[in-house]
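Close look at the chain arrangement
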Amino acid sequence: MAYLDIVTVLAVLQFIVFAMKVGRARARYGVKAPATTGNEIFERYFRVQQNTLELLLALLPGLYLFSRYLNPLWAAVLGVIYLAGREIYAATYVRDPAKRGLGFALSMLPILFLLIGALVGALRQATGF
Amino acid sequence: MAYLDIVTVLAVLQFIVFAMKVGRARARYGVKAPATTGNEIFERYFRVQQNTLELLLALLPGLYLFSRYLNPLWAAVLGVIYLAGREIYAATYVRDPAKRGLGFALSMLPILFLLIGALVGALRQATGF
Amino acid sequence: MAYLDIVTVLAVLQFIVFAMKVGRARARYGVKAPATTGNEIFERYFRVQQNTLELLLALLPGLYLFSRYLNPLWAAVLGVIYLAGREIYAATYVRDPAKRGLGFALSMLPILFLLIGALVGALRQATGF
């Protein structure tokens, strides 16, 4: 399952890159800590990072539990779709927050697949079916 | 330990439901991305989600480490109390933030039990007692 | 690997302590929920907690994957440096956000070491080198 762990590390590193872009935007647009508002473009970078934080926390248990109960290869594939979806989300959100829908769906749906798959697998094992 | 994994998935799905309610409140109360302020009721939904994000990140390691060092069934029971506590927290916070104390305690205390239990168990094993 | 689990629990408990300080600052500086702005000192405590939330989510997979592919003892050592870095970060940020650089570096660099080490280890195993 090394490829699943590779996807995991890439998802965390992607999140760190988004966080570094927030730091750069902080300097570029003059938003001094502790403020997180005051410049619309900074706020877009910030929201991309925050939303990715939320999704990443849901992705990681989904990846490992889907892998345990169903299939590690499909877990990794869904993880790669998530990674691509997040890139689209970040790129579109910074240009125009109203257009973030596609990237959001492409990163949220794999998470829902992973979690519901894991739930079905765990329920099946717990009930003996 | 499939039942522990079921509790884990339910806790993550609960968090996703709270996040979806933030999205719905965003539309209903006219708070356009990237803003997260400007309407008191929206902010309540948002804070419920944010606080759940914080607690969920503490819950998951607690569940698995308590399970490894002490008891998986008790870990799952504490996880179920957390789930109920979060439901109470979310329902009361949206109505009146000043009344969030009970739900907060019911979801925070199981986490502290899990983490302190895990710490005691790991220390006992590391020191050979 | 009990010592790695001890570091994990300490990192989560440290985060909870930062969160409790936010709650105390909320009362002391009169910032009523759901607001998270309005008092500069409160906002510093809040940003310490939020930044620690972000780093903790990156730390935990790093700790376990570095441990699996490279070395659990070095993972734990890097985790202890992270813990110390976060304490410095929290103490300096609350006094003067402009001086948060050292504590940030001391807690971010161990995470990058852990993640990149884990990535190299997992790639090496996946490709058979």
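Refer to the structure presented above.
What counts and what doesn't
- Residues numbered from 1 in each chain as written.
- Chains lettered and ligands numbered in written order.
- Predicted model: local features only at pLDDT ≥ 70, side-chain atom pairs only at ≥ 80, totals over all residues.
- Heavy atoms only, no water.
- Helix = DSSP H or I, 4+ residues; strand = E, 2+ residues; numbered from the N terminus.
- Buried < 20%, exposed > 50% of the residue type's maximum accessible area, 1.4 Å probe, protein only.
- Contact = heavy atoms within 4.5 Å.
- Phe/Tyr/Trp six-rings, centres within 6.5 Å; stacked < 30°, edge-to-face > 60°.
- Lys NZ or Arg CZ within 6 Å of the ring centre and 35° of its normal.
- Buried area = accessible area lost by both parts, 1.4 Å probe.
- Salt bridge = Lys/Arg side-chain N within 4 Å of Asp/Glu carboxyl O.
- Least-squares fit on C-alpha atoms with pLDDT ≥ 70 in both.
- Polar contact = N/O pair within 3.5 Å; in protein donor to acceptor, adjacent residues only side chain to side chain.
- Nonpolar A, V, L, I, M, F, W, Y, C, P; charged D, E, K, R; others polar.

Quick word on the overall build of chain A
Each helix and strand counted, chain A has four helices and zero strands in total. Sequence-ordered secondary structure for chain A, helices as α and strands as β, is α-α-α-α. Taken along the three principal axes of its C-alpha coordinates, chain A extends 60 × 30 × 20 Å. Across the 129 residues that make up chain A, the buried fraction comes to 58%. The long-range share in chain A, meaning contacts at least 24 apart out of those at least 6 apart in sequence, stands at 71%.

Observations concerning the packing of aromatic side chains
Residue and element names in this part refer to chain A. Counted according to the given criterion, the structure contains nine aromatic pairs over all chains. A centroid spacing of 6.0 Å and a plane angle of 15° characterise the contact between Phe42 and Phe46, whose relative ring orientation is stacked. Separated by four residues within a single helix, Phe42 and Phe46 lie in helix α2 (residues 40-69), roughly one turn from each other. Comparing Phe42 with Phe46 shows no difference in burial state: the two are buried. Site record: aromatic cluster; members linked through ring pairs are Tyr89, Tyr93 and Phe104. Cation over ring: Arg86 sits above Tyr89, and NZ or CZ is 4.0 Å from the ring centre.

Section: the interface of chain A and chain C
Taken together, the contact pairs 25 residues of chain A with 26 residues of chain C. When the buried area of chain A at its contact with chain C is split by residue, A:Ile6, A:Val9 and A:Pro34 rank highest and sum to 27% of it. Counting across the interface, chain A meets chain C through one salt bridge. For A:Asp5, the salt bridge identified is with C:Arg68, shortest N-O distance 2.7 Å.

As for the relation of the copies chain C and chain B
Of the transformation superimposing chain C on chain B, the axial component is 0.0 Å and the angular component is 120°, with the fit at an RMSD of 0.0 Å. Such values leave the two copies arranged in the relation of a three-fold axis. Closest approach to the rotation axis within chain C is made by the C-alpha atom of C:Leu57, at a distance of 4.1 Å. Take the interface residues of chain C: only 12% of them recur as interface residues in chain B, which is what a contact between different surfaces looks like.

Structural notes on the relation of the copies chain A and chain C
Mapping chain A onto chain C calls for a rotation angle of 120° and an axial translation of 0.0 Å; the resulting RMSD is 0.0 Å. In this assembly the copies use different faces: only 12% of the residues contributing to the interface of chain A also contribute to that of chain C.

What about the interface of chain C and chain B?
Put simply, an interface is often sized by how much accessible area is lost when its parts join up. Counting residues at the interface gives 25 residues for chain C, matched by 26 residues for chain B. Interface of chain C and chain B: buried area, both sides summed, is about 2,000 Å²; carbon and sulfur atoms make up 77% of it. Considering only the surface of chain C that becomes buried against chain B, C:Ile6, C:Val9 and C:Pro34 emerge as the three largest contributors, covering 27% of it. Where chain C meets chain B, there are one salt bridge. Applying the counting criterion to the chain C and chain B interface returns four residue pairs in polar contact (both at pLDDT 80 or more). Going through the elements one at a time, α1 (2-28) and α2 (40-69) of chain C are the ones with two or more residues in the side of chain C that touches chain B. Considering only residue class, the side of chain C that touches chain B consists of 19 nonpolar, four polar and two charged.

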